[in-house]
Amino acid sequence: MCDDAGVMEDDPMCGETVDARRLALTVEVFETLAHPDRVRLVIALGRDELSLNHLADITEQSPAAVQQHLASLERIGVVSSRRYHDRPFYHLSEPAVGGLIRRHVRGASEKAGDMQCTGSRRQGQPRPGASTHDRSA
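Residues numbered from 1 in each chain as written. Predicted model: local features only at pLDDT ≥ 70, side-chain atom pairs only at ≥ 80, totals over all residues. Heavy atoms only, no water.

A.B. asks: Mind laying out a nonpolar patch on the surface, listing which residues take part and the relevant values?
C.D. replies: Residues V18, L23 and V27 make up a contiguous nonpolar surface patch of about 220 Å² in total accessible area. Residue V18 is classed as partly exposed on the basis of its relative accessible area, which comes to 33%. (Patch = residues over 30% accessible without salt bridge, like charges linked within 9 Å, V, L, I, M, F, W, Y side chains within 5 Å. Areas by Shrake-Rupley, 256 points an atom, 1.4 Å probe, with all protein chains shown as cover. Salt bridge = Lys/Arg side-chain N within 4 Å of Asp/Glu carboxyl O. Buried < 20%, exposed > 50% of the residue type's maximum accessible area, 1.4 Å probe, protein only.)

Right, here's the structure in full:
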């Protein structure tokens, strides 16, 4: 949180006006990441450096489709590649992005587990048609 002057020592963006170009680039990063197959690729690459064929196996897609996703991720600077014996191997060049995605996927999984256990009701709410004394789910 910023102080009264809008400045915070550990947050260089605090109080800063973001110019349109930087804002557009940031939006492009999030738009590129907003695809389930790209999220799977980032998660996989957060664990290890992998070949195109291995990534195709993980995502159950053709190598050509995976290559297109990887090109998009490389364009925004999240993924990098290197060649080894004429084969490309991919890794995250921005591990923080992988960490952010893994945390959100884990949080979404926990929320989905809560939803599965409690249905769409909030925990502690009676089932429809249950008496107010019957709070078992």
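A.B. asks: So what's going on with the environment of V78? Residues and values would help.
C.D. replies: In this structure, V78 sits in the loop between α4 (63-75) and β2 (79-84). Residues contacting V78, with those up to four places away along its chain left out, are V42, L73, H91, L92, S93, E94 and V97. (Helix = DSSP H or I, 4+ residues; strand = E, 2+ residues; numbered from the N terminus. Contact = heavy atoms within 4.5 Å.)

A.B. asks: Could you give an account of the pairing of strand β3 (residues 87-92), with specific residues and numbers?
C.D. replies: Where strand β1 (residues 50-51) lies against β3, two bridges are found, and the strand directions are antiparallel. Directly across from L50, in β3, lies its bridge partner Y90. Across six bridges, the pairing between β2 and β3 is antiparallel. Within β3, the position partnered with R83 by the bridge is P88. Connecting the antiparallel pair β2 and β3 is a turn made up of two residues, with H85 showing a positive phi of about 55°. (Pairing = 2+ DSSP bridges.)

A.B. asks: I'd like to hear about the pattern of salt bridges, residue by residue, with values.
C.D. replies: Under the definition given, this model contains three salt bridges. Two residues, D37 and R40, come together in a salt bridge whose shortest N-O distance is 2.7 Å. Pair noted here: D37 and R40 are both in helix α2 (residues 36-47), with a separation of three residues, about one helical turn. Given the relative accessible area of 43%, R40 is considered partly exposed. Salt-bridge contacts for R82 lead to E49; the nearest nitrogen and oxygen are separated by 2.9 Å. With a gap of 33 residues between them, R82 in strand β2 and E49 in the loop between α2 and β1 connect regions that are remote in the sequence. R82 sits in the partly exposed class, given a relative accessible area of 37%. The partly exposed category is assigned to E49, whose relative accessible area is 26%.

So yeah, pure geometry; function would need other evidence.
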